[in-house]
Every structure is written in C-alpha cells, then in structure tokens.
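Structural overview for review
Now for the letters of each chain:
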Amino acid sequence: MEEVALVYKHPQFCIELRCGTCNGFLNEQTRCCNACGYMYREEDGRPVFIDPADMSAALADQNSDSENSFKNFFKRWPRLYRFFVYLVAPVLFSGLSAKRFLDELPAVPERVLNIGSGPTFLHPNALNVDIFPFPNVHILARAERLPFADETFDVVCSEQMLEHVRQPANVARELIRVTKKGGLIYTATPYMLPLHPSPKDYSRWSIDGLHDLFDGCRPVKSGVLNGPVSGMLIVMAGGLAMIFSFGWTPLRKINNYLFMLLLSPFKLLDYLYAKLPGAEDVAGGLWTIVQKP
Ligand SMILES: [Zn+2]
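The text that follows walks through the structure, step by step, so that each part is easy to find. Counting from 1, residues in each chain are numbered in the order their sequence is written. Given that the model is predicted, a residue must reach a pLDDT of at least 70 before its local features are reported, and side-chain atom pairs must reach 80 or more before they are shown or counted; all residues, however, enter totals for whole chains, interfaces and linings. In computing side-chain values, all of the structure's heavy atoms are included and hydrogens and water are not.

Focus: the overall build of the protein chain
Defined as follows: A run of H or I in DSSP becomes a helix once it reaches four residues, and a run of E becomes a strand once it reaches two; helices and strands are each numbered from the N terminus. Throughout, the radius of gyration refers to the C-alpha atoms, and the reference size of a globule is 2.2 Å times the residue count to the power 0.38. Classification of residues uses two cut-offs on accessible area relative to the type maximum, computed with a 1.4 Å probe and protein chains only: under 20% is buried, over 50% is exposed, and between them is partly exposed. By definition in these notes, contact holds between two residues if any of their heavy atoms fall within 4.5 Å. Here the open area of atoms and residues is found with the Shrake-Rupley method and a 1.4 Å probe, where only the protein chains shown may cover a residue. Charged-residue counts in this description rest on Lys and Arg as positive and Asp and Glu as negative, His and the chain ends being excluded. Note that the charge is assigned to NZ on lysines, CZ on arginines, CG on aspartates and CD on glutamates.
When helices and strands are tallied, the protein chain shows nine helices and 11 strands. For 293 residues, the compact-globule estimate of 2.2 N^0.38 gives 19 Å, and the C-alpha radius of gyration of the protein chain, at 20 Å, lies within 12% of that figure. If you line up the protein chain on its principal axes, its C-alpha atoms span 70 × 40 × 30 Å. The buried share of the protein chain, taken over its 293 residues, is 47%. Within the protein chain, contacts between residues at least 6 apart in sequence are counted, and of these 67% link residues at least 24 apart. Summed over its atoms, the accessible surface of the protein chain is roughly 14,800 Å², and 60% of this surface lies on carbon and sulfur atoms. Side chains of the protein chain give 29 positive and 30 negative charges; the mean places of these two sets differ by 4 Å.

Focus on the packing of helix 7 (residues 228-243) against helix 8 (residues 249-263)
Here is the rule: Fitted lines through C-alpha atoms serve as axes, helices being fitted only where they are in contact, and the angles separating the N-to-C directions of these axes extend from 0 to 180 degrees. By definition, turning the near helix anticlockwise from the far helix through less than a right angle yields a left-handed crossing, and turning it clockwise yields a right-handed one.
Helix 8 packs onto helix 7 with a crossing angle of 145° between their chain directions and a minimal axis gap of 8 Å. The handedness of the crossing between helix 7 and helix 8 is right-handed. Where helix 7 approaches helix 8, its residues Leu233, Ile234, Met236, Ala237, Gly238, Leu240, Ala241 and Met242 are matched on the opposing element by Arg252, Asn255, Asn256, Phe259, Met260 and Leu263.

Quick word on the coordination of the zinc ion
To be explicit about the condition: Sites may look incomplete, because water is not among the atoms used; the donor set itself consists of N, O and S atoms within 2.8 Å of the metal (3.2 Å for Na, K and Ca). Every geometry call rests on angle ranges, with four donors termed tetrahedral when all angles are between 85 and 135 degrees, four termed square planar and six termed octahedral when opposite donors are over 155 degrees apart and all others are between 65 and 115, and everything else termed irregular.
Each protein donor to the zinc ion is listed here as Cys19 (SG), Cys22 (SG), Cys33 (SG) and Cys36 (SG); together their distances run 2.2 to 2.3 Å. One can describe the donor arrangement at the zinc ion as tetrahedral, given that its four donor atoms subtend angles of 100 to 119° at the metal. Positions of the donor residues of the zinc ion along the chain correspond to the pattern C-x2-C-x10-C-x2-C. Separated by 14 residues along the polypeptide, Cys22 in the loop between strand 2 (14-16) and strand 3 (41-43) and Cys36 in the loop between strand 2 and strand 3 bring together distant segments of the chain. What makes Cys22 partly exposed here is its relative accessible area of 36%. Residue classification places Cys36 among the partly exposed residues on the basis of a relative accessible area of 40%.

Focus: a nonpolar patch on the surface
To keep it simple, the criterion reads: A residue counts toward a patch only above 30% relative accessible area and without a salt bridge, and it is joined to like-charged neighbours within 9 Å or, for Val, Leu, Ile, Met, Phe, Trp and Tyr, to nonpolar neighbours within 5 Å. Any carboxyl oxygen of Asp or Glu within 4 Å of a side-chain nitrogen of Lys or Arg constitutes a salt bridge here.
On the surface, a nonpolar cluster with roughly 470 Å² of combined accessible area is contributed by Phe266, Leu269, Leu272, Tyr273 and Leu276. Tracing the backbone shows Phe266 in the loop between helix 8 and helix 9 (270-273).

Re the pattern of salt bridges
Summed over the entire model, instances satisfying the criterion amount to 11 salt bridges. Across the salt bridge formed by Arg142 and Asp54, the nearest N and O atoms sit 3.9 Å from each other. Pair noted here: Arg142 is in the loop between strand 7 (139-140) and strand 8 (153-159) and Asp54 is in helix 1 (residues 52-64), with a separation of 88 residues, a long-range link. Owing to a relative accessible area of 27%, Arg142 belongs among the partly exposed residues under this scheme. Note that Lys99 is salt-bridged to Asp103, the shortest N-O span being 3.4 Å.

As for unusual backbone geometry
Phi is positive for Arg31, which is not a glycine, with a value near 60°. Within the secondary structure, Arg31 sits in the loop between strand 2 and strand 3. By relative accessible area, Arg31 is classed as partly exposed at 33%. In the Ramachandran plot, Glu151 falls in the positive-phi region, its phi being about 55° despite a non-glycine side chain. Along the chain, the position of Glu151 falls in the loop between strand 7 and strand 8. By relative accessible area, Glu151 is classed as partly exposed at 35%.

A closer look at the packing of aromatic side chains
This is how it is decided: Aromatic pairing here means that ring centres of Phe, Tyr or Trp (its six-membered ring) are within 6.5 Å. Orientation follows from the plane angle: under 30 degrees is stacked, over 60 is edge-to-face, and everything else is tilted. A ring is considered to have a charge above it if a Lys NZ or an Arg CZ atom is located within 6 Å of its centre and within 35 degrees of its normal.
If you walk through the whole model with that rule in mind, you get eight aromatic pairs. For the pair Tyr38 and Phe49, a centre-to-centre distance of 6.2 Å together with 10° between the ring planes defines the contact as stacked. Residue Tyr38 is located in the loop between strand 2 and strand 3, and its partner Phe49 is located in the loop between strand 4 (46-48) and helix 1; the two are separated by 11 residues in the primary sequence. Its relative accessible area of 5% is what places Phe49 among the buried residues. Taking the centre distance of 5.1 Å and the plane angle of 85° together, the rings of Phe148 and Phe153 count as edge-to-face. Given a relative accessible area of 0%, Phe153 falls into the buried group. Every member of this aromatic cluster is reached through a ring pair, and the members are Tyr38, Tyr40 and Phe49. The residue whose ring lies beneath Lys267 is Tyr86, and the NZ or CZ to ring-centre distance is 4.4 Å.

Structure representation (structure tokens):
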C-alpha cells in the first residue's frame, strides 16, 4: 500500500507537513511519524507541533508578566493593537516592513512563510506560524524545528522574532532549510531597544551580525527599520522611568508608559533622520534580505 503524506490546506496552496521532532514523514492514515513515532495533533482545527508541556510553560512565562498578558489580550484585535502601539510607542516604523517587501517583489511569491507571525496578515500567500494561538495563526510550531520539508517556501519573513529565541543560529539554519534555492529571507530585528520580553528577549544584532547569522546566504539588501530618533527615545523613556522610580518597580512601569507617551510625537523626526547616512549605527531596528544560493 502506498503511503500518503499528511498535507495542510492553506486557502492558497497545499503543503506537506513533517514530524515536529525529527522532520520525518508524517503518514496521512496513521497521523504518526514513520521514523520516531511522533503523533500529529490538532487544536481548534490548527496543526500543533509543540508539546503540551512546552506550550503551557511558554504560556505561563508569557502570562507571568502582567504587561505581556495585557498586550496579548489586545492582540485579539490586531488593528486596535497596532493603532495603540502607534499612539504610545515612541518608535516609528519608517523602513521596509515585511509587508511592503512582499508587495514590492517583482513576481508574486507562491508560498510565503511568516514565522513568529503573531496575528499579522502579511500576504494572501503567507502561512502564519507562531508558538501562541493568536488569530490568523495557521500552524503552531517552534522556529527551531519547523514541520516542513526542505525547500518549501519561496520567501520567508521574520519580523521581531529572532531576538526572542534561545538559539538564533539554529533558527536561522532552519529558516534557510525550508527556503527554496534562490529564495529570499527577510529579517527585521531591534537594535537600540530596551529589553522587551515576549516571553523572553535574548539578543541584538548589527547588519553584519544578521548576515553572519545567515551564513552561506548572499546579502541582497539591508536598511533601517526604526531610525535613530526612535532608538534614542525608547531608550530614554526606559532610562528616565528607571531613574524616577527610585527602585519601585510598579512606578517604573507606569513611568515608562508616561515617558513613552510624552516622547512619542518626536518619533516623526525619523521620517527624515532614518534616511541619513550613519542612521544604521544608532538605529532602533534594522532589516536585511538574504538569498539562499
Ligand atoms: Zn519523527
């Protein structure tokens, strides 16, 4: 009897799902991995490749921080959340976003992976993968071990995700693995930005650091996502909040929002300053595009 691979039906395409542990073949009939016996499961109609224990640990981590639970509550309404962030955060996203990068590609990419998607809708052909069950997330999986075969996607996008993973070099290798030969990988990460646990925050990179992470790929283009004024303002808000909290954490958190709100309008200066030479040395955030050979 011929074995049939387990397939996920995205509105625009079908893709083969692989084992969440060893990337082995998942049998459609037995719903198990032929190599290691991993059993495929679904929750609310979504494929889940995260162990229940890992999942509850991540959720507990995320909810242990009241600020994060507050943010995640509002992520149920992505537009409202984005508007709220635009109003309060002193950070302007003036550079090339993943959405604009996809919209400006000369040819429409058939299959796009948006890893660490949150509730963001980037493109009709984007498959959203996250560790949390936000709206618009198609598949729940870890970036370290993606449940896809090699060379599945034309384009892979990760926005503000790599700083939240423990072993970014392993994740970068995994993103390269699922990208087709000649395919593009867009990455955006913060640079001059205070700690923002979601649920954890581990790393920062320069453009050279990002290229080093995607070792073996060809750097195509890079630039400033959040300009120098944004970087300065958000660090300043965090610094002032800390100084004027006199060691009392609840006051520091309130101060942080107050200073952010106060400084927020000045971010508009980045429409100018983010474009000037030297901006990337002190930028709030950076983006890069690399191509798999
Ligand atoms: Zn397996």
